[in-house]
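So you can see what is in the structure, the chains are spelled out below.
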Amino acid sequence: MKHLSLLLLCCSVLCCSTAGYSHELPEGAVPLAKSEQCAACHPTIYKEWQESFHAKSSALKDPAHGAVHQAFVKAMEKKGKKGNYHCANCHAPMADNIKELMTGAAELDSNNWTHAEGTGCTFCHRIESIVEKKLFNQYRLNKDGSFHTNKPAKANLPHKTGQSALFAVGKVCMGCHSHKMNGKDVPICLMKDEAQGSNCLECHMPQVKGAAAIGAKGTTHRSHKMPGGHDIEMLKKAATLDAEVTSKGKERNLVVTVKNIIKHTFPSTNPMRIAFVKVVAKDKNGKKVWENFKESPMEDKQSFFFKAFKAGEKKGVPSWAADGIAFDTRLKAGETRQLSYPLADSAISQVDVMLIYRLFPSKAIKGFAIPEDGVNEKAYLVAKKSLTL
Ligand code: HEC
Ligand code: HEC
Ligand code: HEC
Ligand code: HEC
Ligand code: HEC
């Protein structure tokens, strides 16, 4: 647990040069527009987007991301290097001086809307192709400013549209959600391998009620809320929890089964995300007589689903120092994991089993001064089973 705060830095810190590394907007291209400009005709989609983390992804809007970025800058400065905001590639992709932000030649400016916008409407809908790179991918945007979907281009709309196969099953997401490597080829995030062949839109952009635009014929549209780890209803769809007690003579054994029922790792992407099983055993008066850990799930090795890095023999190092993965106990797509606990105390007559998810473990909240806002430090109860013996 001691090194946890260090390994938690991992998701974000890449030690490689990102010089000259940014999205491509062709010479003379139509400029990107503020998402507010779409609200008048696309009010439902605009509202969904505003609630999504794509609208809050900039360090100017997401205090958790901002705090981790500050920790990254301090870590760089400690090593005598200049900090930078290469995070902008995915967290503030519309920034009008993104190259300078990414190399450290410029800093975020709260008066510049392109820095605060996050991943806005025109960024996604003008994606023409993904530029595959080793550390992380980039996008090439279109020149003519037409808005792409997987549908055939329509005539007589207030704006140009275009058809792109990238939008069909969510390939379009894989400029930002594909992978992040550190300088020693250690995968920090690896969605492209962890979710092979899965259609991101099927779960993250379901068809919901409401026309796609004012005056549009259709009565449904793809939701732009794009929920993930911040949404308890989404988390409940990720895994199932079962528990049973088996007896052999006087010996009783609790078997807990957790199954990942989605098409990528649970918890996914960000190495700071953690899920774990908490078991509390009580006597007939409801008094606690045993639990699988007291302070931290790290006390019970089988209980947590989490990824950590190593350097040589040392486990729990930050990703920029990592030469490999120390362990990755997250549940792979479709994986079933069984946990086994002998119930030694004969007084045990009731067992509560809980599957809990946290965006950031407590050590990360403290280590990065991530604001405790009722979200970041919360333990989300994904599932619970109570057994009476
Ligand atoms: C003056 C009204 C108006 C404004 C402003 C507007 N749109 Fe639209 N847009 C429409 C209409 C109408 C449709 C057709 C909807 C339909 O029939 O399903 C549409 C369709 C779309 C589509 C889907 C095209 C398809 O293939 O189905 C996208 C993507 C889109 N708009 C993006 C945007 C973005 C991004 C903005 C802001 C920069 C924007 N729109 C601003 C009216 C508008
Ligand atoms: C993170 C990327 C992303 C962002 C940001 C985004 N969209 Fe979309 N949008 C998509 C994808 C993917 C689809 C589905 C395309 C398809 O089905 O072919 C889509 C579909 C649409 C459609 C067609 C809806 C339908 O179901 O017929 C409209 C209209 C649209 N978006 C407008 C907007 C507007 C307006 C915004 C900003 C408020 C926005 N989008 C932001 C990715 C994005
Ligand atoms: C330009 C980069 C970019 C693109 C394109 C993009 N995303 Fe994201 N996405 C992000 C970033 C950055 C975050 C994290 C924002 C934060 O929490 O600060 C995020 C967050 C998310 C989340 C997690 C929300 C949560 O509750 O934490 C989901 C789910 C998601 N994106 C799905 C998608 C899907 C589906 C697509 C394609 C239709 C897509 N994204 C396209 C950058 C992108
Ligand atoms: C079968 C449904 C399903 C499919 C398909 C799917 N996801 Fe997810 N995804 C989920 C669920 C449920 C969660 C919440 C649990 C979690 O965070 O792992 C989630 C979480 C996420 C998160 C949030 C991570 C965080 O830290 O908050 C991201 C990002 C994400 N998915 C991206 C994608 C991308 C990209 C694809 C396509 C390659 C995809 N997902 C395909 C169901 C799905
Ligand atoms: C290659 C794209 C990419 C880059 C570069 C990137 N991120 Fe992210 N980041 C994401 C995506 C996608 C998510 C959402 C999925 C998830 O939670 O893992 C995310 C989520 C996060 C979160 C969780 C936010 C929340 O509200 O829970 C933090 C913190 C974060 N990133 C920090 C950083 C920092 C700091 C940097 C730069 C030093 C950085 N990231 C660089 C893609 C990126």
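All values derive from a computational prediction rather than experimental measurement. (Residues numbered from 1 in each chain as written. Chains lettered and ligands numbered in written order. Predicted model: local features only at pLDDT ≥ 70, side-chain atom pairs only at ≥ 80, totals over all residues. Heavy atoms only, no water.)

## Overview of the overall build of the chain
Basically, it comes down to this: The secondary structure listing takes helices from DSSP runs of H or I that are at least 4 residues long and strands from runs of E that are at least 2 residues long, numbered from the N terminus. Atoms counted for the radius of gyration: C-alpha only. Globule rule: 2.2 Å times residue count to the power 0.38. Only protein chains enter the area calculation, which uses a 1.4 Å probe; residues under 20% of their type maximum are buried, those over 50% are exposed, and those in between are partly exposed. Two residues qualify as a contact provided that any one of their heavy atoms is within 4.5 Å of a heavy atom in the partner residue. Using the Shrake-Rupley algorithm and a 1.4 Å probe, accessible areas are obtained, with residue cover drawn only from the displayed protein chains.
For the chain, the helix and strand inventory stands at 11 helices and 19 strands. Its C-alpha radius of gyration of 23 Å places the chain within 12% of the 21 Å reference for a compact globule of 389 residues. For the chain, the residues scored as buried account for 49% of the 389 residues in total. Sequence separation of 24 or more characterises 64% of the internal contacts of the chain that already satisfy a separation of 6 or more. Surface exposure of the chain reaches about 19400 Å², of which carbon and sulfur atoms provide 54%.

## Side note on the site of ligand 5
Note the threshold: Definition of nearness: a residue and a molecule or strand are near each other if at least one heavy atom of the residue lies within 4 Å of the molecule or strand. N or O atoms closer than or at 3.5 Å make up a polar contact, with two conditions inside protein: a donor-capable atom paired with an acceptor-capable one, and, for residues adjacent in sequence, both atoms drawn from side chains. Each residue gets one of three labels, nonpolar for Ala, Val, Leu, Ile, Met, Phe, Trp, Tyr, Cys and Pro, charged for Asp, Glu, Lys and Arg, and polar for the others, Gly among them.
Close contacts around ligand 5 come from 22 residues, with D62, C87, C90, H91 and N270 the closest. K180 is positioned with one of its side-chain polar atoms (N or O) 3.4 Å from a nitrogen atom of ligand 5. Contact between ligand 5 and R273: an oxygen atom at 3.0 Å from a side-chain N or O atom of the residue. Listed by contribution, the elements that provide at least two residues to the shell around ligand 5 are helix 3 (63–78) and helix 4 (88–91). Top contributing element to the shell around ligand 5 by residue count: helix 3, with 5 residues. Residue classes in the shell around ligand 5 are distributed as 10 nonpolar, 9 polar and 3 charged.

## Re the coordination of the iron atom of ligand 2
As a reminder, the rule being used: Because water is not among the atoms used, a metal site may look incomplete, as its donors are only the N, O and S atoms within 2.8 Å, or 3.2 Å for Na, K and Ca. A four-donor site is called tetrahedral if each angle lies between 85 and 135 degrees; a four-donor site is square planar, and a six-donor site octahedral, when trans pairs exceed 155 degrees and the remaining angles lie between 65 and 115; all other cases are labelled irregular.
The protein atoms donating to the iron atom of ligand 2 are H125 (NE2) and H224 (NE2), with metal-donor distances spanning 2.0 to 2.1 Å. With 6 donor atoms in place around the iron atom of ligand 2 and angles of 88 to 179° between them, the coordination shape is octahedral. With a gap of 99 residues between them, H125 in helix 7 (residues 121–125) and H224 in the loop between strand 8 (220–222) and helix 10 (232–236) connect regions that are remote in the sequence. On the basis of relative accessible area, H125 is assigned to the partly exposed category, the value being 22%. Taking relative accessible area as the criterion, H224 reaches 15% and is therefore assigned buried.

## Concerning the sheet that holds strand 14 (residues 307–311)
Defined as follows: One requirement defines pairing of two strands: DSSP has to find at least two bridges between them.
Spatially, 15-14-16 is the arrangement adopted by the 3 strands of the open sheet, whose pairing is antiparallel. Each having just a single partner strand, strand 15 (314–315) and strand 16 (324–328) make up the two edges of the open sheet. Bridging between strand 14 and strand 16 involves 4 bridges; their strand directions are antiparallel. When the bridges of strand 16 are listed, K310 appears paired with G324.

## Description of the site of ligand 2
As a matter of local geometry, ligand 2 sits amid 22 residues, with C121, C124, H125, N150 and H224 nearest to it. A distance of 2.6 Å is found between an oxygen atom of ligand 2 and a backbone nitrogen or oxygen belonging to N150. Interatomic distance of 2.9 Å between a side-chain N/O atom of H224 and a nitrogen atom of ligand 2. Of all elements in the fold, only helix 2 (43–51), helix 7 and strand 8 reach the threshold of two or more residues within the shell around ligand 2.

## Details of the UniProt feature "domain: Cytochrome c-552/4" (unreviewed entry) in the chain
Under the convention used in this document: UniProt positions are given in the numbering used here, feature names are shortened, and annotations may be inferred rather than shown by experiment.
The UniProt entry lists residues 37–125 under the feature "domain: Cytochrome c-552/4" (unreviewed entry), expressed in the numbering used here. This span, residues 37–125, is 49% helix and 0% strand, and a straight line between its end C-alpha atoms measures 14 Å.

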